[in-house]
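For reference, the chains in residue letters:
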Amino acid sequence: MIDASMSVPQPVFLKNYTPPPVLVDRCDLTLRLDPDHTRVKARLACKANPAAGAWTGTWTLDGRGLTTESVVVNDQPADYTLTNTSLTLRDLPERFVLESEVVISPRSNTDLEGLYLSSGVYCTQCEAEGFRRITWFPDRPDVLARFTTTIIAPTSVPVLLSNGNCLAEADLGDGTHFARFEDPFPKPAYLFALVAGTLTALEDEFVTASGRAVRLAIWAAEQDIDKCGFAMDALKRSMTWDEQVYGREYDLDIYHIVAIGDFNMGAMENKGLNVFNTKYVLARPDTATDYDYAGVEAVIAHEYFHNWTGNRITCRDWFQLSLKEGLTVFRDQQFSSDMGSAAVKRISDVRGLRAGQFPEDASPMAHPVRPDSYIEINNFYTATVYQKGAEVVRMQHTLLGPTLWRKAMDLYFERHDGQAVTCDDFVACMEAASGRDLTQFRRWYAQAGTPSVTVERSFADGTLTLTLRQSCPPTRGQPEKLPFHIPLALGLLDAEGRDLIGTQVIDLTEPEQTIRFDGLATEPVPSLLRGFSAPIKLDIRRRPGELAFLLAHDSDPFARWEAGQTLMIEDMLAAIGRDAAPTVSPDLIAACRQTLAGAGQDDAFVAEVLALPSEGYLGELMTIVAVDRIHQVRQAFRRGLAAALVEDWWRVYRARADGAPYRYAAADVGRRSLKGLALAYLGQTGTVEAVAAIADQAQHANNMTDALSALTSLVNLPAGVGDQEIAQGLAAFAERWHTEALVMDKWFSLQALAPRPDTLDRVKSLTRHPSYDPRNPNKIYSLVRAFAGNQAQFHRADGAGYRFLADEVIALDPINPKVAARLVPPLGRFRRFDAGRAALMRTELQRIAARPGLSPDVYEIVAKSLEG
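Throughout what follows, the structure given in this document is the object of discussion.

Conventions used here
Residues numbered from 1 in each chain as written. Predicted model: local features only at pLDDT ≥ 70, side-chain atom pairs only at ≥ 80, totals over all residues. Heavy atoms only, no water. Helix = DSSP H or I, 4+ residues; strand = E, 2+ residues; numbered from the N terminus. Buried < 20%, exposed > 50% of the residue type's maximum accessible area, 1.4 Å probe, protein only. Contact = heavy atoms within 4.5 Å. Areas by Shrake-Rupley, 256 points an atom, 1.4 Å probe, with all protein chains shown as cover. Lys, Arg positive; Asp, Glu negative; His and termini not counted. Charge placed at Lys NZ, Arg CZ, Asp CG, Glu CD. Salt bridge = Lys/Arg side-chain N within 4 Å of Asp/Glu carboxyl O. Expected span 1.5 Å × (residues − 1). Polar contact = N/O pair within 3.5 Å; in protein donor to acceptor, adjacent residues only side chain to side chain.

Quick look at the overall build of the protein chain now. When helices and strands are counted, the protein chain shows 27 helices and 31 strands. A principal-axis box enclosing the C-alpha atoms of the protein chain has dimensions of 85 × 65 × 65 Å. Among the 868 residues that make up the protein chain, the fraction classed as buried is 60%. Restricting the contact set of the protein chain to residue pairs at least 6 apart, pairs at least 24 apart contribute 70%. Surface summary for the protein chain: the accessible area is close to 32,800 Å², and the carbon and sulfur share equals 51%. In the protein chain, 89 positive and 110 negative side-chain charges are present, and the distance between their average locations comes to 2 Å.

The following block contains the structure:
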């Protein structure tokens, strides 16, 4: 239970939104930097907001952790009241200038929110509500102001950066220097940024479509600057793509990216000065995997695309967060698809959605894409807001088609540039440009949960009849759901695998709907949910041989992949439900062999098809997660497919183990992906030859993708096999890379995810490793959160995994509550597990809840988890 003596944080509700009472035309900041006593002067030119109603003369600003030294209105001492989090001014005229001076301590700011120090570099993170930790301000996204920023610092802090264009910089002759910046575009305070420290820049130039030169600079520690080249290339490709696909040019003279090692999030789109987690900037073939390269490319693009979808047009309130994030995720997905394999990108995105967002929809933290309420907004930077939000945008793209979509986006930019708007405003542009009524479609923003669609079929007299029924399970505060508007893309295949109707999009809007296809010579095989046209669960009873047929013949890559995965899932779930020893069916083996025979045409796609569904996803398909049986069956299927196809795996591996120089290109990525999968399966045979091949690749690989793939295969060898090689491989890797923080993160993660009985003991010992920093978010995510994703070991029947996670949350909450809160959700899904495990998880949640001084961040997730 929650400690009744605690001051219970109160929720904020969308229904209570009111316009800001005061608008800020200009915000002039002067910051004199000091690790412990940074002095911040703010001058705000303000006016009463007519949209807020009659002016009362009273205004409350937000602040946190500020030592206030002066507050002046129109050059006179102000009439005000202070609390720890608010400054209330009285007797204000309708137009006024507010000047304040505060002192803050960046060194003691372990939340990594507001202004803080990271390895000696001053850095800000202001989204969502971090600017209030810098100065008094109406810290809400619908207050847009033009900022000028003056930074004064010792000359030992050589690089000074802020938003916008640099107006002046000079040495002041007293051991300090200054730089002044002006951002000509109004922005909310969450987009303010400042970076100051010892950094080195990789510089380049981009010429826009209109012929304007833009200076580009990526800033990092000197030892990391040689890892910034790919990020620069990705940035330039992003700028070109946005011009060509959306007609959007960059609008300032300079674009900065800064790589920071201590950062709660992935990256932040601050206007003209993006601050990035080093994970999404630094990439070099020997230190970064193909997955890392893809992440850098996508996140660089994502933050750049925010310049228009997030900065020039921002969200009115934080309930509208998906307005900018869902839309921009969709845009970066489009970009990544165009840069590589569109089919593999789509499959990867769906895997991620099912692994992260579908479980969220089925948990106590389920919420709509546009939430109705929150206690701590940072808890809603979720897979629902981002990934499902992107799917909601994608569905609108599907419904409109490419031409009308571009017309609608042009209208959105034209109508709302420089404004803070809502999800409804966005949909209204889709309607205005296309003439479609999307009233029912808006339910995707308002209703939580993952819809299910069941399909029944019949064939008679040349007519195929499909009966579709949609439903959505109850979620918190929404016991009953209205029908969604679901765009369902489908095709029909004849007996030869030929498409009969191409791909058609059906508007499913009723609880039950019937679709007929006439004039068919024979009964076709339906191909459903092509391209994953909607974020739903689809249920259709397939006839014998249909899935293998679709895997072999469907023209839609996603549908082919889905058929292969469903083949595996049906076999595995059937084995989980039986008491007998699990075995792989001959049909599945034959389908996998046939898929492998096509290797060389699209290796990345073949690798996606032949990768077994995760233990976590199999658990999502069960009413009660059978932890031990799922693990037993999946391991047996890995070994079974390894043994049955051993010659095929060797053929595939040897054909790709050519030691070619590293190149990040779609075909090369696919070859490495399939080679790594083959090696992993070979490892499951446990033979001396396989173990030797894995150990050799781990030692001699010429790139991190192959090295880490081999090391992961070593760690996942069957019990009792290759223990010496595992120990030697892990030790050699750490010895070589102990000075590379991001590489060591990979080393921590692969051990946290190992399916071994001693994994928890190893994880505990790794928290004391010299390369582990218990305050660094990347380290915490790579070890602690990774372990919580290890279904078999985290969910040990004795509850030791739960106790470890709860201990970490309790220890971290006073230091960095944002990161601590992100560790809690695995405990909150206890209702999906057997009674013994559920009781142990609930006990740990109650132990966390009983801690005095629990942060609102952790409180919200724990309270909702316990309430159900």
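Moving on: the pattern of salt bridges. Side chains that differ in sign of charge can pair as their charged atoms come close. All told, the structure shown has 71 salt bridges when counted by the stated rule. Taking the shortest distance from any N to any O, the salt bridge between K236 and D204 comes out at 3.1 Å. In this pair, K236 sits in helix 1 (residues 229-246) while D204 sits in strand 17 (residues 200-207), placing the two residues 32 residues apart along the sequence. Its salt-bridge partner being D648, residue R651 comes within 3.7 Å of it at the nearest N-O pair. With R651 and D648 both in helix 14 (residues 646-656) and 3 residues apart, this pair spans about one turn of that helix.

Moving on, we come to helix 6 (residues 423-434). Taking 1.5 Å per residue as the helical rise, helix 6 with its 12 residues ought to reach 16 Å, and the 17 Å between its terminal C-alpha atoms agrees with that figure. Turning to helix 6, its buried residues are C423, F426, V427, C429, M430, E431, A433 and S434. Buried residues in helix 6 make contact with helix 3 (321-339), helix 5 (383-416) and helix 7 (443-446). Phi turns positive one or two residues past the end of helix 6, at G435, with a value near 80°.

Here K187 shows up in strand 15 (residues 176-187). Owing to a relative accessible area of 2%, K187 belongs among the buried residues under this scheme. Looking at K187, its side chain comes within polar contact range of the side chain of D183, at 3.1 Å. Dropping the residues within four chain positions of it, K187 is found in contact with V143, L144, A145, F147, N163, F192 and K271.

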